[in-house]
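The lines below spell out each chain.
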Amino acid sequence: MSEAMQDAPRKTREDREIIMPSKQLAQKMGLGEIAFNPDSLLAKYRAERDRRIRPDGNEQYQQPKGDFSHFLEDPYVEPDFTREPLFDEVEVVVIGGGFGGLLAGARLREAGVKSLRMIEKGGDFGGTWYWNRYPGAACDIEAYIYLPLLEELNYIPRRRYTDAPEMMAHSQAIARKYDLYENACLQTEITGMEWDDKDGKWIISTNRGDRMKSRFVVMSNGPLHRPKLPGIPGIDDYNGHTFHTSRWDYHYTGGDPTGNLTGLKDKRVGIIGTGATAVQCIPHLGASAKHLYVFQRTPSSVDVRNDHPTDPEWAASLKPGWQKERLENFNILVTGGYAEKDLVNDGWTEIIRNFLVKVGQGDGKGASRSELLAFTELLDYQKMEGVRARVDSIVKDKATAEALKPYYRQFCKRPCFHDEYLPTFNRPNVTLVDTRGQGVDGITEKGVVFDGVEYEVDCLIFATGFEVGTEYTRRSGYDLTGRDGVTLSEKWAKGVSTFHGLLTRGFPNCFIMGTLQSGFTANFPHALDHNAKHLSYIIKKLRESNAKTVETTQQAEDDWVHVIIRKAKLGLRFYSECTPGYYNNEGRPGERSGQNGQYGGSSEVFFKIIQEWCDDGTMRGLEIS
Ligand code: NDP
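About the criteria used
- Residues numbered from 1 in each chain as written.
- Predicted model: local features only at pLDDT ≥ 70, side-chain atom pairs only at ≥ 80, totals over all residues.
- Heavy atoms only, no water.
- Disulfide = S-S within 2.5 Å.
- Helix = DSSP H or I, 4+ residues; strand = E, 2+ residues; numbered from the N terminus.
- Buried < 20%, exposed > 50% of the residue type's maximum accessible area, 1.4 Å probe, protein only.
- Polar contact = N/O pair within 3.5 Å; in protein donor to acceptor, adjacent residues only side chain to side chain.
- Domains from an automatic or database assignment.
- Contact = heavy atoms within 4.5 Å.
- Buried area = accessible area lost by both parts, 1.4 Å probe.
- Salt bridge = Lys/Arg side-chain N within 4 Å of Asp/Glu carboxyl O.
- Nonpolar A, V, L, I, M, F, W, Y, C, P; charged D, E, K, R; others polar.
- Pairing = 2+ DSSP bridges.
- Axes fitted to C-alpha atoms, helices over the stretch in contact; angles between N-to-C directions.
- Near = heavy atom within 4 Å.
- Core = buried A, V, L, I, M, F, W, Y, C linked by side-chain atoms within 4.5 Å.
- Parallel < 35°, antiparallel > 145°, perpendicular 65-115°, else oblique.
- Left-handed = near helix turned anticlockwise from the far one by under 90°.
- pLDDT = per-residue confidence, 0-100.

Engineer: What is the right way to look at the state of the cysteines in this model?
Structural biologist: Evaluation of the coordinates by the stated rule reveals one disulfide. The side chain of Cys412 participates in a disulfide bridge whose partner is Cys578; the two sulfur atoms lie 1.9 Å from each other. Because the torsion about its S-S bond is -75°, the bridge between Cys412 and Cys578 counts as left-handed. With Cys412 in the loop between helix H16 (398–403) and strand S12 (416–417) and Cys578 in the loop between helix H22 (572–576) and helix H23 (591–595), this residue pair connects regions lying 166 residues apart in the sequence. Accessibility assignment for this pair places Cys412 and Cys578 in one class, buried. As a non-bridged cysteine, Cys281 has Cys459 as the owner of its nearest cysteine sulfur, 11 Å distant. Classification of Cys281 as buried rests on a relative accessible area of 0%.

Structure, rendered in structure tokens:
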């Protein structure tokens with residue numbers, strides 16, 4: 001939120017002072033008498049943040065290993081699958097069959113690439129939505145902008161919000177439309193890649209014994225795909241049934257992604273974590289389990305969802321180019337920019353919508369940039385007061401309601417939108433165990449301990465998310481050796497270093513998709529499509545000129561890293577005020593995490609930079625041979 005405003009170019013002397021949100025400012029900006037006190041809320045937010053900050057930061061988490069190593073396995077395929085190893089050659093290998101890989105595949109096909117191989121760990125395409133099949137799995141971003149390539153596939157989602165089965169089916173439809181199943185290697189994990197400088201090609205090794213060659217490689221490993229576990233004392237002692245939400249065990253729970261978890265009717269179930277995933281599966285657990293204990297460390301912000309079936313008349317009225325227009329409109333608003341209309345008009349765009357309405361009405365005419373920034377903070381308080389009031393209006397037990405209220409700014413953590421989560425806490429068989437920001441004390445053979453009470457459970461579900469702050473190659477599950485025998489983990493040991501987030505020197509013809517030093521938006525597939533178009537543009541240009549290799553210059557890379565570090569400082573104040581989580585490197589949004597993060601200006605600005613770079617046509621900053 002408001003990153004574009006933070007990115008505004010000139011500072012006047014007046015703007016150098018920091019203006020705090022206040023009742024007077026609310027009057028000036030036309031909000032009138034506000035029912036909350038911004039000073040007390042700021043103090044409360046800070047106190048809530050401070051009691052959550054831990055000295056161990058990212059180190060508090062551990063990888064699933066030992067008894068938990070099955071958390072990384074694929075429960076959806078036959079385990080004894082085998083095939084002959086491949087020693088062939090293709091022009092492009094795309095690693096990852098999620099939306100990023102699919103978009104790369106689609107855009108490369110459009111650019112005329114015929115010799116292409118998709119490599120995917122899972123048994124099919126879908127990425128996040130292949131792995132995450134937990135009951136209630138769905139997307140909080142409107143389906144009409146979240147699902148990529150809708151116009152290309154001539155497909156209109158069934159409802160305003162799409163669910164995991166529809167997203168996986170759409171992924172498969174993209175793969176079919178662009179012939180991405182052809183030559184694909186599914187159930188195949190990369191184990192390593194080496195650059196053969198003489199041949200100008202990558203040699204790719206996999207867990208299937210393959211050693212294939214490829215001129216170009218696209219890495220779309222997914223930013224949130226490696227499940228993580230909390231390092232809770234005694235976690236290895238637990239003797240009951242356990243699984244991670246990204247590998248839901250329907251053999252144990254019964255039911256399917258629509259719920260109806262009949263296997264739990266005589267079971268006491270515990271769930272650790274209350275993030276975006278937990279918010280979606282807890283209503284189903286509450287409806288089916290004999291008893292459900294929800295162990296909460298930080299409450300999510302849970303706003304109205306208001307899902308509904310797609311209106312066929314509206315769908316029929318859409319004109320060609322509608323999805324691009326809608327995508328861009330949402331992105332401008334959600335990054336704090338200006339747009340005449342709010343096409344999506346949901347809880348993501350509400351703060352900026354209110355801001356634009358007030359400023360458009362002429363309220364606060366002549367306000368300085370600092371005052372406008374403070375005004376967005378005021379609107380944020382107002383928004384979150386609404387989210388907290390909603391808890392009171394739904395949850396009957398006062399103490400439970402109080403514990404479920406989030407005290408931080410809306411975009412400090414992933415905001416959630418759900419209409420059945422809060423009512424679940426009115427069920428007699430559901431207990432919220434609020435750990436007051438500390439997390440549970442321990443795990444025993446029988447259950448979970450907090451505040452001297454042992455909660456015995458038959459099944460313990462980890463809704464504890466995915467590795468984010470760890471090294472790129474660890475999260476990818478493989479390393480790559482570039483020119484001169486240097487590995488990517490060695491090169492990035494002191495910090496990520498790329499040109500436009502896409503290429504890194506010493507690793508020719510290797511394209512990186514994702515958030516590192518690249519544009520990020522809440523509607524992630526939108527950013528991935530920009531990556532996909534960017535890399536297919538480069539590959540197309542190389543093919544046209546019969547060039548064999550492309551690599552960033554040292555200067556271009558250094559300049560970009562400099563931009564990344566400088567821009568990361570823009571969000572520093574915002575993120576350092578936030579409660580810890582993966583958005584702010586567990587409460588430590590320092591310089592290194594800034595370098596290892598996304599482009600800190602708005603994604604809208606980033607997309608423009610890349611568009612201008614492509615339009616320029618000279619491949620500035622690249623060495624081509
Ligand atoms: P998150 O990382 O968002 O949440 C992990 C949860 O586990 C948090 O509530 C965290 O608490 C809690 N936790 C961690 N350690 C402990 C501990 N020791 N004791 C108690 N609780 C603990 O993971 P999710 O799987 O929920 O979501 C991951 C991401 O996936 C989301 O942020 C979102 O980007 C995406 N997603 C998107 C959806 C969509 O609609 N498009 C739906 C679902 C997920 P704390 O907050 O205190 O750290």
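Let's pick the thread back up.
Engineer: How should I be thinking about the environment of Thr335 in this particular structure?
Structural biologist: Structurally, Thr335 is set in the loop between helix H13 (322–334) and helix H14 (350–360). By relative accessible area, which is 4% here, Thr335 ends up buried. Taking the C-alpha atoms as reference points, Thr335 and Ile538, separated by 203 residues in sequence, lie 27 Å from one another. Looking at Thr335, its side chain comes within polar contact range of the main-chain oxygen of Asn331, at 2.7 Å.

Engineer: Can you help me understand the domain arrangement of the protein in this one?
Structural biologist: A common way to express how large an interface is: the accessible area buried when the components associate. Partitioning the protein into structural domains gives domain 1 (13–51 + 316–378), domain 2 (57–66 + 227–305 + 382–462) and domain 3 (85–226 + 469–551 + 613–624). The C-alpha centroid of domain 2 is placed 31 Å from the C-alpha centroid of domain 1. Opposite the 14 residues of domain 1 that make contact, domain 2 presents 17 residues. In total, about 1500 Å² of surface goes out of reach between domain 1 and domain 2, with carbon and sulfur atoms giving 60% of it. It is Tyr45, Arg51 and Trp348 in domain 1 that bury the most area against domain 2; as a group they hold 42% of the surface buried on that side. Joining domain 1 to domain 2, the criterion identifies two salt bridges. Here Glu350 makes a salt bridge to Lys383, at a shortest N to O gap of 2.7 Å. Run the count over domain 1 and domain 2 and you get six residue pairs in polar contact (both at pLDDT 80 or more). Counting residues per element, the ones that place at least two in the side of domain 1 that touches domain 2 are helix H4 (38–52), H14 and helix H15 (369–394). Here the element with the most residues in the side of domain 1 that touches domain 2 is H4; it accounts for five residues. Residue composition of the side of domain 1 that touches domain 2, by class: seven nonpolar, two polar and five charged.

Engineer: How should the sheet that holds strand S17 (residues 459–462) be read in this particular structure?
Structural biologist: Two orientations exist for strands paired in a sheet by backbone hydrogen bonds: parallel and antiparallel. Pairing in this open sheet of five strands is parallel, and the strands run S8-S17-S9-S10-S13 from one edge to the other. The open sheet has two free edges, formed respectively by strand S8 (241–244) and strand S13 (430–434), since each of these has just one partner strand. Neighbouring strand axes in the sheet, compared pairwise and without regard to direction, differ in orientation by 15° on average. Of the strand pairs in this sheet, strand S9 (residues 268–272) and strand S10 (residues 291–296) are connected by five bridges, and their pairing is parallel. Looking at S10, one finds that Gly270 is bridged to Tyr293. Contacting S9, S10, S13 and S17, helix H11 (residues 276–288) runs over the sheet at an angle of about 170° to S9.

Engineer: Sorry if this is basic, but what is going on with the site of the ligand here?
Structural biologist: Surveying the vicinity of the ligand reveals 27 residues, the closest of which are Asp140, Thr277, Thr298, Lys413 and Tyr582. In this structure, an oxygen atom belonging to the ligand sits 2.7 Å away from a side-chain N or O atom of Tyr582. A total of three residues in the shell around the ligand trace back to one element, the largest contributor, which is H11. Two domains each put at least three residues into the shell around the ligand: domain 2 (57–66 + 227–305 + 382–462) and domain 3 (85–226 + 469–551 + 613–624).

Engineer: Just checking my understanding: could you explain the nonpolar core for this structure?
Structural biologist: In summary, soluble globular proteins display a tendency toward joint burial of nonpolar side chains. Judged by nonpolar contacts, the single largest core of 130 residues is most densely connected at Ile271, Leu285, Phe511 and Ile538. In terms of nonpolar packing, the next biggest core, distinct from the first, is built from 23 residues, Ile95, Met219, Ile512 and Leu516 among them.

Engineer: Help me understand unusual backbone geometry in this model?
Structural biologist: Note on backbone geometry: most residues besides glycine have negative phi, and most peptide bonds are trans. You will see that Asn260, though not glycine, has its phi angle at about 55°, which is positive. As for its placement among the helices and strands, Asn260 is situated in the loop between helix H10 (250–253) and S9. A relative accessible area of 58% means that Asn260 is categorised as exposed. The residue Asn345 is not glycine, and still its phi comes out positive at about 55°. Here Asn345 lies in the loop between H13 and H14. Residue Asn345 is classed as partly exposed on the basis of its relative accessible area, which comes to 44%.

Engineer: Help me out: how do you make sense of the pattern of salt bridges in this one?
Structural biologist: Oppositely charged side chains can pair when the atoms bearing their charge come close. One pass over the structure, following the stated rule, counts 50 salt bridges. The partner of Asp529 in a salt bridge is Arg107, and the shortest N-O contact between them spans 2.9 Å. Highlighted residues: Asp529 in helix H20 (residues 524–544) and Arg107 in helix H5 (residues 99–110), separated in sequence by 422 residues. Accessibility classification places Asp529 together with Arg107 in one group, the buried group. Of the charged contacts, one joins Arg483 and Asp197 as a salt bridge, the two residues approaching to 3.2 Å between their closest N and O atoms. Separated by 286 residues along the polypeptide, Arg483 in the loop between strand S18 (479–481) and helix H19 (488–491) and Asp197 in the loop between strand S4 (190–196) and strand S5 (201–206) bring together distant segments of the chain. On the basis of relative accessibility, which here comes to 44%, the residue Asp197 falls in the partly exposed class. In the salt-bridge network here, residues are joined through shared partners; they are Arg107, Glu110, Glu152, Asp529 and Lys533.

Engineer: Hey, could you run me through the packing of H20 against helix H24 (residues 603–616) in this one?
Structural biologist: One way to put it is that H20 packs onto H24 with a least axis distance of 11 Å and a crossing angle of 15°. In terms of axis orientation, H20 runs roughly parallel to H24. Relative to H24, H20 is oriented so that their crossing is left-handed. Along its contact with H20, which presents His526, Ala527, His530, His534, Tyr537 and Ile538, the element H24 presents Phe607, Ile610, Trp613 and Cys614. Class assignment of the residues belonging to the contact of H20 with H24 gives a composition of seven nonpolar, three polar and no charged.

Engineer: Looking at this model, I keep getting lost on the pairing of strand S16 (residues 453–456). Mind explaining?
Structural biologist: Consecutive residues of a regular strand have side chains that alternate between opposite faces of the sheet. Sheet analysis places strand S15 (residues 447–450) next to S16, joined by four bridges and oriented antiparallel. Residue pairing in the sheet places Val448 in a bridge with Tyr455 of S16.

Engineer: Please explain the packing of H5 against H20 as it appears in this structure.
Structural biologist: At a minimum axis distance of 8 Å, the contact between H5 and H20 shows a crossing angle of 35°. Considering only the axes of H5 and H20, their crossing is right-handed. Taken together, the residues of H20 that come into contact with H5 (itself represented by Phe99, Gly100, Leu103, Ala104, Arg107 and Leu108) are Pro525, Leu528, Asp529, Ala532, Lys533, Leu535, Ser536 and Ile539. Within the contact of H5 with H20, the residues separate by chemical class into nine nonpolar, two polar and three charged.

Engineer: Even after reading the chapter, I still don't get the confidence of the model for the protein, so can you show me in this structure?
Structural biologist: Do not read the predicted coordinates in detail wherever pLDDT is low. Chain-level statistics for the protein give a pLDDT mean of 94 and a share of 97% at 70 or above. In the predicted structure, residues 1–15 sits below a pLDDT of 50 and forms 45 contacts with residues beyond four places in sequence or in another chain.

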